[in-house]
Amino acid sequence: MKLLKLTVSSTLLMCFLFACGGKKEEKKESFSYEKKEVKSEIASNPNDVVITSNDAMQYNKKEIRVKAGKKVKVTLRHIGKMDKNVMGHNFVLLKQGVDLMTFGNKAATEKENGYIPSGTDDVIAYTKIIGGGETAIVEFDAPEKGTYDFLCSFPGHYALMKGKFIVE
């Protein structure tokens, strides 16, 4: 009788172990396959750029690299929670040779123009001001090869929210 109980218990235990082990492997394979898909999609178009901003006045990138002679699509996502009147952000790409501080100071007085100085020819492209949870997209032709400055032109933000836009 003891031998029969031991055999039945062992068989049930083995079935349970094999049943649980197979499910974990399926999830792992599925997850890594999806991850590969995302990586190949991102690598397929280096001129599609996603940059995030937050409530701590930060972009997640200090450098953006794109290919010359092609369309560029910049998607700005505000991952914070604050309203655009308090912690608004935008993406502004300046022409070469434009002084970032001078531009930022001029922009701070242009609330009615989305903090872009009216009549300026210093800007290649920009997004509108967005608040927490919002997204803005701008598309433009990549400028000549070289290094350009980008910034957030909301008052005072350009001191922290800036970076290099490199066209290769």
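The following refers to the structure shown. Here the residue numbers are simple positions, counted from 1 along each chain's written sequence. The predicted nature of this model means local features are confined to residues of pLDDT at least 70 and side-chain atom pairs, given and counted, to a pLDDT of 80 or more, with totals for whole chains, interfaces and linings taken over all residues. Only hydrogens and water are removed before side-chain values are computed, so all heavy atoms of the structure are retained for them.

**Quick notes on the sheet that holds strand S2 (residues 63–66)**
Phase 1: Should DSSP find at least two bridges between two strands, the strands are taken to pair. The helix count covers DSSP runs of H or I at least four residues long, the strand count covers runs of E at least two residues long, and both are numbered beginning at the N terminus. Pairing is mixed across the open sheet formed by five strands, whose spatial order is S2-S8-S7-S4-S5. Looking at which strands have only one partner, the edges of the open sheet turn out to be S2 and strand S5 (123–126). Strand-to-strand twist in this sheet, taken as the mean axis angle between neighbours without regard to direction, amounts to 25°.
Phase 2: Judged from the three bridges that link them, strand S4 (residues 92–94) and S5 form a sheet pairing that is antiparallel. Looking across to S5, one finds that Val92 is bridged to Tyr126.
Phase 3: Sitting on the sheet, helix H3 (residues 100–107) is in contact with S4, S5, strand S7 (146–151) and strand S8 (162–167), with an inclination near 30° to S7. Axes, fitted as lines to C-alpha atoms, cover a helix only where it is in contact. Angles between the N-to-C directions of the axes lie from 0 to 180 degrees. We call two residues in contact when some of their heavy atoms are within 4.5 Å.

**Here we look at the pattern of salt bridges**
Phase 1: Take a side-chain nitrogen of Lys or Arg and a carboxyl oxygen of Asp or Glu: if they are within 4 Å of each other, that pair is a salt bridge. This structure, assessed with the given rule, holds six salt bridges.
Phase 2: The shortest N-O distance in the salt bridge between Arg65 and Glu63 comes to 2.9 Å.
Phase 3: Relative accessible area serves as the criterion here: at 42%, Arg65 is assigned to the partly exposed category.
Phase 4: Under the scheme applied here, a residue whose accessible area is under 20% of the maximum for its type counts as buried, over 50% as exposed, and between as partly exposed, the area being computed with a 1.4 Å probe on protein chains only. The class of Glu63 is partly exposed, set by a relative accessible area of 42%.

**Digging into unusual backbone geometry**
Phase 1: Backbone geometry at Met57 places phi at a positive 55°, although glycine is not the residue there.
Phase 2: Classification of Met57 by relative accessible area gives partly exposed; the value is 21%.
Phase 3: At Tyr115, a position not held by glycine, the phi torsion is positive, near 60°.
Phase 4: Within the secondary structure layout, Tyr115 lies in the loop between H3 and S5.

Remember that the coordinates give geometry; whether it matters functionally is a separate question.
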